[in-house]
Amino acid sequence: MKLFLLEDDDAIAMGLKYSLEKENYEVVHARTKSEALSTFAENEYDLCILDINLPDGNGYDVCRYIKGKEDVPVIFLTASDAEVNVVMGLEMGADDYVCKPFRINELMARIKTVLRRSGHGRENNADNEGILQIQNVRIYISEAKVGIVNDTGKEEMAELTALEYRLLLAFCNNRGTVMTRSRLLEDMWDVNGDFVNDNTLTVYIKRLRDKIEKDPSNPQIIKTVRGLGYIIDK
């Protein structure tokens, strides 16, 4: 999958490019409106991520140009969530917007959602239906539900708390990558601003394993990487 990134802040762009390439996306980066217009014309892309404020114009102009050529999904990066900015972008045909500062996992999730919704997604059939499967665990993303398939093929729904579900998604969105405890703590920050400390994280990992692992004492889904953190295999 090839993504087009328009971002004039080199620090943000480098971080985004690194994170996206870790997810096996090919990324072409432009810094200005003029560079974006010339670069976009030379390639075909599956999705565009556009910053709004640029040194020689704005991302709205680039979006108009892109949408005039072909129907490529667009996500805006904006430093403001002011209604006028959001409405203007959506009226131009943008598929989503993300306000700065943002968490990389949030952007990754939005990219996958937009790609899937536009028919550009690269996931397997289960993912195209909004289902993510890890071994015998099925995550119904649109419904925020988790099912466990037993040895007979029967599925039973697991009752996860909101934080347990977010923890499972954090692992699944980073399959094949070791998740350190500090990184998990960042992802587990409660939506209401409640602090999730290290001891609480240990409890949540244990509870999650109890609910999804066949043998929680010998976990095969959420594996411990001694001295580093945890991982779910690809």
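Everything numeric here is computed off the predicted structure, so don't read it as measured data. (Residues numbered from 1 in each chain as written. Predicted model: local features only at pLDDT ≥ 70, side-chain atom pairs only at ≥ 80, totals over all residues. Heavy atoms only, no water.)

Caption draft 1: Structural view of the state of the cysteines. Enumeration according to the criterion identifies 0 disulfides in this entry. In this model C63 remains outside any disulfide bridge; the closest cysteine sulfur is found in C48, 8.4 Å from its own. Here C63 falls in the buried class, since its relative accessible area comes to 0%. (Disulfide = S-S within 2.5 Å. Buried < 20%, exposed > 50% of the residue type's maximum accessible area, 1.4 Å probe, protein only.)

Caption draft 2: Local environment of helix 9 (residues 198-212). For helix 9, which comprises 15 residues, the first-to-last C-alpha distance of 21 Å matches the rise-based estimate of 21 Å (1.5 Å per residue) to within 8%. Those residues of helix 9 not exposed but buried are L201, Y204, I205, L208, R209 and I212. All buried residues of helix 9 project into a common sector of 135° when viewed along the axis, lining one side. Opposite the buried face of helix 9, at more than 90 degrees from it, the exposed residues are N199 and K206. (Helix = DSSP H or I, 4+ residues; strand = E, 2+ residues; numbered from the N terminus. Expected span 1.5 Å × (residues − 1). Arc of directions from axis to C-beta.)

Caption draft 3: Region of the structure containing unusual backbone geometry. Its identity as a non-glycine residue notwithstanding, N24 has a phi of 70°, on the positive side. Checked against the element boundaries, N24 lands in the loop between helix 1 (10-22) and strand 2 (26-30). N24 gets classed as exposed once you look at its relative accessible area, which sits at 53%.

Caption draft 4: Main features of the sheet that holds strand 6 (residues 74-78). Strand order in this open sheet of 5 strands is 2-1-3-6-7, and the pairing throughout is parallel. Because the sheet does not close on itself, it has two edges, and the strands there are strand 2 and strand 7 (96-99). Strand-to-strand twist across the sheet, computed as the mean angle between neighbouring axes with direction ignored, equals 20°. Note that strand 3 (residues 47-51) and strand 6 share 4 bridges and pair parallel. Directly across from L50, in strand 6, lies its bridge partner F76. (Pairing = 2+ DSSP bridges. Axes fitted to C-alpha atoms, helices over the stretch in contact; angles between N-to-C directions.)

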